[in-house]
Amino acid sequence: MPFVELDTNLPADRVPAGLEKRLCAATATILGKPEDRVNVTVRLGLSMALNGSTEPCAQLLVSSIGVVGTAEENRGHSARLFEFLTKELALGQDRLIIIRFLPLEPWQIGKKGAVMTFL
């Protein structure tokens, strides 16, 4: 059950409509998870400074059970997510996109009044 949170200082009129659905589909493909298990939040028009600059930028947090726990896994995920975000947000390769990976354990996610360990 991946959780994906995209924060950007780009205003809504600079972000293509339906980004959250395409990010959901891309994340499912990249992480090898069913799309109906991926949860995406997109926050636009934020006040942000990355590396001391307020130029257009984005931060992506990817949390999941079992697929973001090693450097080798995340190297591949990072490359594919960076390519997706660069195209979707029309940011140049030189613009800052930070991707953070957070491995989760089943007991850290609650659903249906229980935790994933017991579902």
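Residues numbered from 1 in each chain as written. Predicted model: local features only at pLDDT ≥ 70, side-chain atom pairs only at ≥ 80, totals over all residues. Heavy atoms only, no water.

With an unreviewed UniProt entry as reference, the protein is termed D-dopachrome decarboxylase, source organism Propithecus coquereli. Per UniProt, the protein carries the Function (unreviewed entry) text "Tautomerization of D-dopachrome with decarboxylation to give 5,6-dihydroxyindole (DHI)." (UniProt positions renumbered as here; feature names shortened; annotations may be inferred.)

All right, on to the environment of Ile 97 then. If you trace the backbone, Ile 97 turns up in strand β4 (residues 97–104). As for Ile 97 and Thr 8, which are separated by 89 residues in sequence, their C-alpha atoms are 9.1 Å apart. (Helix = DSSP H or I, 4+ residues; strand = E, 2+ residues; numbered from the N terminus.)

Here we come to the nonpolar core. In terms of nonpolar packing, the biggest core is built from 24 residues, with Leu 6, Leu 60, Val 62, Leu 85 and Leu 89 touching the most fellow members. Of all elements in the fold, only β1 (3–8), α1 (19–31), β3 (58–65), α2 (71–88) and β4 reach the threshold of two or more residues within this core. Here the element with the most residues in this core is α1; it accounts for seven residues. The contacts of Leu 85, once residues within four sequence positions are left out, are Leu 6, Leu 60, Ala 90 and Ile 97. Ranked by size, the runner-up nonpolar core spans five residues in total, among them Met 1, Ile 65, Ile 109 and Met 116. (Core = buried A, V, L, I, M, F, W, Y, C linked by side-chain atoms within 4.5 Å. Buried < 20%, exposed > 50% of the residue type's maximum accessible area, 1.4 Å probe, protein only. Contact = heavy atoms within 4.5 Å.)

For the structure shown, the criterion picks out four salt bridges. In this structure, the salt-bridge partner of Glu 5 is Arg 43, at a minimum N-O distance of 2.8 Å. Of this pair, Glu 5 sits in strand β1 while Arg 43 sits in strand β2 (residues 39–43), placing them 38 residues apart in sequence. The exposure class of Glu 5 is partly exposed, given its relative accessible area of 29%. Residue Arg 43 is classed as partly exposed on the basis of its relative accessible area, which comes to 31%. Ionic pairing is found between Lys 87 and Glu 83, a salt bridge with its closest N-O pair at 3.1 Å. Of this pair, Lys 87 and Glu 83 both sit in helix α2, separated by four residues, roughly a single helical turn. When its relative accessible area of 42% is taken as the criterion, Glu 83 is described as partly exposed. Shared partners join several salt bridges into a network, and the residues in it are Glu 5, Asp 7 and Arg 43. (Salt bridge = Lys/Arg side-chain N within 4 Å of Asp/Glu carboxyl O.)

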